[in-house]
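Chain and residue survey
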Amino acid sequence: MARRRYHHGDLRTALLDAAEALVRERGTQGWSLREASARVGVSPSAAYHHFASRDVLVRAVSERVLARLGTRMSEAAGRASYDATEDDPLRRIVAVGRGYVRWAVEEPAVARLVFGAGVTDSESAISPHPHDVLAAELDRLLASGGLTASAREGAEFVVWAAVHGLAMLLIDGLMRLDGTQEIDREAERVVRAVVRGLTTETAPPLPWPAPRSAHTEHLAAVRFGTAAPGEANEPRSIDS
């Protein structure tokens, strides 16, 4: 690909675009910050004003992609309500699961980058966060009577584990499905089976484990006032 010279005002966004394109072409490890700079048409020293290292750039790409995924999942849930022809309380949560799996299959290199990026430094920059979208749909299911209060506790991690597992099996080639329709059907089957299992489970002798993520820990820090200065009340735009 010919190098595209950088002539406009937002170098940070241009570098993010270049890095994301390189991920799609070469995978998660086959490129450098220097190459992203060259593709935009600036020197590495100019890129360092925005990203101190390749790892910092990778985390920024991950944050942007996660926000895009959250939007996709939210829009999928909205369409499921709009297109509904029958009263199915699980239609929105099924659409969220389908959106997640379909995204991973369509963008395997980008998905691997996001899954392997680790803890982000600015969880508040990710909006809407996929975790929040999933949690909101489970809250909606609880309010409609499709999920009990006891089953709702930590349910987003159970559903997330299931759809993420399906996504990874597909993009790693350990499971094969032919086409989008089959992927959608299998994602729906997984989500329905998990939610049905949650609604019928009985409490164990000990309390259920309380799983956490970088995002839930960030939310807790904001709630209890222990977030880093400026992080709690001033969420940043990913492209700012």
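Here, every reference points to the structure presented above.
Before going into details, it helps to say that this report is about the structure given with it. Residue indices begin from 1 for each chain and proceed along its sequence in written order. This being a predicted model, a pLDDT of at least 70 is required before a residue's local features are given, and a value of 80 or more before pairs of side-chain atoms are given or counted; all residues contribute to the totals for chains, interfaces and linings. As a rule here, side-chain values cover all heavy atoms of the structure and leave hydrogens and water aside.

Some points on the overall build of the protein chain
Put simply, the test is: For the purposes of this entry, the term helix denotes a DSSP run of H or I that reaches at least four residues, the term strand denotes a run of E that reaches at least two, and both are numbered from the N terminus. Residue burial is assigned from relative accessible area. The probe radius is 1.4 Å, only protein chains are included, and a residue is buried under 20% of its type maximum, exposed over 50%, and partly exposed in between. Throughout, a contact is declared for two residues whenever any of their heavy atoms are within 4.5 Å. Reported accessibility uses the Shrake-Rupley method at a 1.4 Å probe radius. Residues are deemed covered only where the shown protein chains occlude them.
Helices and strands together make up the secondary structure of the protein chain, namely 11 helices and zero strands. Of the regular secondary structure in the protein chain, the N- to C-terminal order runs α-α-α-α-α-α-α-α-α-α-α. Among the 240 residues that make up the protein chain, the fraction classed as buried is 44%. Here the analysis covers contacts within the protein chain between residues at least 6 apart in sequence; of these, 72% occur between residues at least 24 apart. When the accessible surface of the protein chain is summed, it comes to about 13,000 Å², and 53% of that surface belongs to carbon and sulfur atoms.

Focus on the environment of Ala 52
Mapped onto the fold, Ala 52 is located in the loop between α3 (44-47) and α4 (54-82). Taking relative accessible area as the criterion, Ala 52 reaches 63% and is therefore assigned exposed. In this structure, the C-alpha to C-alpha distance between Ala 52 and Leu 33, residues 19 residues apart in sequence, is 9.5 Å.

Quick word on the packing of α4 against helix α7 (residues 130-143)
Just so we agree on the cut-off: Axis definition: a line fitted to C-alpha atoms, limited for helices to the stretch in contact. Angles are taken between N-to-C directions and run from 0 to 180 degrees. Here roughly perpendicular refers to angles of 65 to 115 degrees, roughly parallel to angles under 35, roughly antiparallel to angles over 145, and oblique to all remaining angles. Ten residues, namely Ala, Val, Leu, Ile, Met, Phe, Trp, Tyr, Cys and Pro, are considered nonpolar, four, namely Asp, Glu, Lys and Arg, are considered charged, and the remaining ones, Gly among them, are considered polar.
Two elements in contact, α4 and α7, have axes separated by 8 Å at closest approach and are oriented at 25°. Taken together, the axes of α4 and α7 lie roughly parallel to each other. Residues Leu 66, Leu 69, Gly 70, Met 73, Ser 74 and Ala 77 of α4 touch α7, and the partners they reach there are Pro 130, Val 133 and Glu 137. Along the lines of polarity and charge, the residues of the contact of α4 with α7 split into six nonpolar, two polar and one charged.

Let's talk about the pattern of salt bridges
This is how it is decided: Salt-bridge detection follows one rule: a side-chain nitrogen of Lys or Arg within 4 Å of a carboxyl oxygen of Asp or Glu.
If you walk through the whole model with that rule in mind, you get 19 salt bridges. Between Arg 152 and Asp 139 there is a salt bridge whose closest N-O contact spans 2.8 Å. With Arg 152 in helix α8 (residues 149-152) and Asp 139 in helix α7, the pair connects residues that are 13 residues apart, well separated along the chain. Residue classification places Arg 152 among the buried residues on the basis of a relative accessible area of 10%.

A few points about the environment of Ala 187
Take Ala 187: it is sitting in helix α10 (residues 179-200). Taking the C-alpha atoms as reference, Ala 187 lies 8.9 Å from Ala 95; in sequence the two are 92 residues apart. For Ala 187, the contacting residues outside a window of four places in its chain are Gly 97, Arg 98, Val 101 and Leu 166.

Considerations on the side chain of Glu 137
The following threshold applies: We call two N or O atoms a polar contact when they sit within 3.5 Å, provided that within protein one can donate a hydrogen and the other can accept it, with sequence-adjacent residues counted only if both atoms are side-chain atoms.
By the element assignment, Glu 137 lies in helix α7. Among the polar contacts made by the side chain of Glu 137, one reaches the side chain of Arg 92 at a distance of 2.8 Å. In contact with Glu 137, not counting residues within four places along its chain, are Ala 77, Arg 92, Ile 93 and Val 96.

Observations regarding unusual backbone geometry
Cis peptide bonds are those with omega within 30 degrees of zero, and the linkage from Ser 127 to Pro 128 qualifies with 0°. Along the chain, Pro 128 turns up in the loop between α6 (108-116) and α7.

As for the nonpolar core
Here is the rule we go by: Residues grouped as a nonpolar core are buried Ala, Val, Leu, Ile, Met, Phe, Trp, Tyr and Cys residues, joined through side-chain atoms within 4.5 Å.
Counting residues in each nonpolar core, the largest one holds 60 residues, and the members touching the most others are Leu 57, Val 101 and Leu 147. It is α4 that provides the largest number of residues to this core, a total of 10 residues. Once you skip the residues sitting within four places of it in the chain, Val 101 turns out to touch Val 163, Leu 166, Ala 167, Leu 170, Ile 183 and Ala 187.

What about the packing of α4 against helix α5 (residues 91-106)?
Here is the rule: Left-handed describes a crossing whose near helix is turned anticlockwise from the far helix through less than a right angle; right-handed describes the clockwise counterpart.
The geometry of α4 relative to α5 is characterised by a closest axis approach of 8 Å and an angle of 140° between their N-to-C directions. Here α4 lies oblique to α5, going by the angle between them. With respect to the hand of their crossing, α4 and α5 are arranged in right-handed fashion. Here Val 65, Leu 69, Arg 72, Met 73, Ala 76, Ala 77, Gly 78, Ala 80 and Ser 81 of α4 come into contact with α5, specifically with Arg 91, Arg 92, Ala 95, Val 96, Gly 99, Tyr 100, Arg 102, Trp 103 and Glu 106. When grouped by side-chain class, the residues that make up the contact of α4 with α5 number 10 nonpolar, three polar and five charged.

Some details on the environment of Arg 24
Note on placement: Arg 24 falls in helix α1 (residues 11-26). C-alpha of Arg 24 to C-alpha of Val 110: the two residues are 86 residues apart in sequence and 6.4 Å apart in space. Polar contacts involving the side chain of Arg 24 include one to the side chain of Glu 107, which spans 2.9 Å.

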